[in-house]
Amino acid sequence: MKKLVTAVLLAAMLLSLAACATPQTTDGGSDGGTITVGFAQCKADESDWRKANTISMQEALSAENGYNMILADANNDAAKQVADVQGFIDQEVDYIVIAAVNMDGWDTVLKNAQDAGIPVILVDRTVNASEDLYTCWVGSGFKEEGVKATDWLASHFGDAEVNIVNLQGQLGSSAQVGRSEALVEAVEANDNWTLLEQQTADWSTDTAKEIMTTWIQQHDNINCVYAENDNMADGAIQALQEAGIEVGGDNGVAIISFDANRAYLEMTLAGLINCNVECNPLHGPKVAEIIQMLENGEQPAKSEVVEESAFFYNTITQEIIDARAY
Ligand code: AHR
């Protein structure tokens, strides 16, 4: 019996020594095992782009790679997304990643994350909040994307009259704000350009089709559609085709799109989309790299714009499309 008690005491002492030797969890870090990441996504199935983005995050932050990624889908509801992030703070996740539905409304919850010692990585979109409240941002240059589109528009139409309708993304998102801003500035700078209509279609094909159908009935001079993502460009094209109006190519209504997902690059090759500006959705590996840097005590760049290009109906090839990842 005495021997048994001694053995139990010895085992207890060894266990407590081992516990002392285990590295302690630091604020926002992991315990050397699985890293729990809360990912606040806008709306996981909203568009082809958003689906590719969600998959990229799931693949990079997978269980095999040592992560437990908790996906919160805000269904493009800004208030719900802020609550989702507060939920991650309450769950004491190791990192929070946010693809922000709206630029505004982040100060309080970001401060709460900071006070809880949880690093916040902004992905895809920017927010209107002090840089001190988040660790870093990696994403797209939305205004630059818009400028690529308007530069193409200028070269395509030259001095001819351009009558534009603008299907906007969800209002208040940095993707919409940047792309719309580039268009408005270019319209102001070109006397031969007129912005006939501007309305959000919330990134949706069906909504874009409905709005475009109405615009076609109201205006007989539309010769350019500036659709702020592939899905909305698709909706506009369907409406134009159903109205018997020539689309794309050298002489049809010029279609400008953003995202450059594979299916829509095929439409670019077919001449239906004239200019498709890339928006890169593959943020997962970069986010994983940032988390590993933070785990190693390194400081990632405060902001990083991903590389993006543009594709045009008269220069794109099947080889270019086949070589792309999404
Ligand atoms: O923030 C990227 C934009 O958001 C994409 O253009 C759009 O398809 C998505 O919802």
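First, a word on what this report is: a plain description of the structure on this page.

The rules behind the values
Residues numbered from 1 in each chain as written. Predicted model: local features only at pLDDT ≥ 70, side-chain atom pairs only at ≥ 80, totals over all residues. Heavy atoms only, no water. Pairing = 2+ DSSP bridges. Helix = DSSP H or I, 4+ residues; strand = E, 2+ residues; numbered from the N terminus. Axes fitted to C-alpha atoms, helices over the stretch in contact; angles between N-to-C directions. Contact = heavy atoms within 4.5 Å. Left-handed = near helix turned anticlockwise from the far one by under 90°. Nonpolar A, V, L, I, M, F, W, Y, C, P; charged D, E, K, R; others polar. Buried < 20%, exposed > 50% of the residue type's maximum accessible area, 1.4 Å probe, protein only. Polar contact = N/O pair within 3.5 Å; in protein donor to acceptor, adjacent residues only side chain to side chain. Near = heavy atom within 4 Å. Areas by Shrake-Rupley, 256 points an atom, 1.4 Å probe, with all protein chains shown as cover. Domains from an automatic or database assignment.

Okay, the sheet that holds strand β7 (residues 193-200) next. As summarised here, the arrangement of the six strands in space is β7-β6-β8-β9-β10-β12, forming an open sheet in which the pairing is mixed. Edge positions in the open sheet fall to β7 and β12 (310-312), since each of these has one partner strand only. On average, each strand axis in the sheet is inclined to that of its neighbour by 15°, with strand direction left out of account. Bridge count for strand β9 (residues 254-259) against strand β10 (residues 275-278) is four bridges, and the pairing is parallel. Note that in β10 the partner of I256 across the bridge is C275. Helix α5 (residues 142-157) rests against β6 (162-168), β7, β8 (224-227), β9, β10 and β12 of the sheet, and its axis sits at about 160° to β9.

Next up on the list: the packing of α5 against helix α6 (residues 174-189). Viewed as axis vectors pointing N to C, α5 and α6 meet at an angle of 35°, and their least axial separation amounts to 7 Å. Along this stretch, α5 crosses α6, giving a crossing that reads as right-handed. Contacts between α5 and α6 involve F142, K143, E145, G146, V147 and T150 from the first element and S174, A175, G178, R179, E181, A182, L183, E185 and A186 from the second. Considered class by class, the residues forming the contact of α5 with α6 number six nonpolar, four polar and five charged.

With respect to the helices and strands, the residue T150 is situated in helix α5. On the basis of relative accessibility, which here comes to 5%, the residue T150 falls in the buried class. Side-chain polar atoms of T150 contact the backbone oxygen of V147, separated by 3.1 Å.

Attention shifts here to the site of the ligand. In the vicinity of the ligand, the residues found are E46, S47, W49, R50, D124, R125, F142, A175, R179, W203, N229 and D259. Here D259 contributes a side-chain N or O atom positioned 2.5 Å from an oxygen atom of the ligand. Burial of the ligand by the protein amounts to 100% of the accessible area it has alone, namely 280 Å². Going through the elements one at a time, α2 (48-60) and α6 are the ones with two or more residues in the shell around the ligand. Looking at side-chain class alone, the shell around the ligand contains four nonpolar, two polar and six charged residues. Two domains share the shell around the ligand, each providing at least three of its residues, namely domain 1 (35-138 + 281-295) and domain 2 (142-279 + 312-322).

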